[in-house]
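# Architecture and fold: a report
Chain by chain, the residues:
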Amino acid sequence: MLKSMIVASATLFMSTAAFAQSTVIVSEPPPPGAVVVREMPAQVRTYVMQQSVPSVSFQGDVLVGRVLPQDVDVHVVDGYNDYAYTVVNERRVVVDPGTRRVIQVLD
């Protein structure tokens, strides 16, 4: 009886560990309006935090996924052409330079 319970417990434990390690790969583009969060290299954050650019006023909250207007100057991160940054409402933001969509708000 004890052996049965130990085997059952071990099997249950191993199956939950397998579920925790599953990976989902999506090959289709996200639907319009979906917010896609991507992991940013630490060097990009460090670079952006060291730069001194004037803050731009923006009506509303600056949120991940929001697209910045064309009149907001964004600056490409040296060595990382997939990332740009600016300061909006006194908050540093990292944006996708192609879409101008906010990737991350830094504090």
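Our subject is the structure that appears above.
Source: prediction; values computed, not measured.

## Quick look at the overall build of the protein chain
Summing up its helical and strand segments, the protein chain has 2 helices and 5 strands in all. For the protein chain, the α and β elements follow one another from N to C terminus as α-α-β-β-β-β-β. Residue burial in the protein chain is summarised as follows: out of 107 residues, 23% are buried. For the protein chain, the exposed area adds up to about 8,000 Å²; of that, 57% sits on carbon and sulfur atoms.

## Digging into helix 2 (residues 42–50)
Those residues of helix 2 that sit buried are Val44, Tyr47 and Val48. Buried positions in helix 2, seen along its axis, are confined to an arc of 95° and lie on one side of it. What points out from helix 2, more than 90 degrees from its buried face, is the exposed set Ala42 and Gln50. Tucked inside the fold, the buried residues of helix 2 contact strand 2 (75–77), strand 3 (80–88), strand 4 (91–95) and strand 5 (102–106).

## Structural notes on the pairing of strand 5
Most of strand 5 sits out of view: 4 of its 5 residues are buried. The antiparallel hairpin formed by strand 4 and strand 5 contains 6 residues in its connecting segment, where Arg100 sits at a positive phi of about 65°.

Rules behind the numbers
- Residues numbered from 1 in each chain as written.
- Predicted model: local features only at pLDDT ≥ 70, side-chain atom pairs only at ≥ 80, totals over all residues.
- Heavy atoms only, no water.
- Helix = DSSP H or I, 4+ residues; strand = E, 2+ residues; numbered from the N terminus.
- Buried < 20%, exposed > 50% of the residue type's maximum accessible area, 1.4 Å probe, protein only.
- Areas by Shrake-Rupley, 256 points an atom, 1.4 Å probe, with all protein chains shown as cover.
- Arc of directions from axis to C-beta.
- Contact = heavy atoms within 4.5 Å.
- Pairing = 2+ DSSP bridges.

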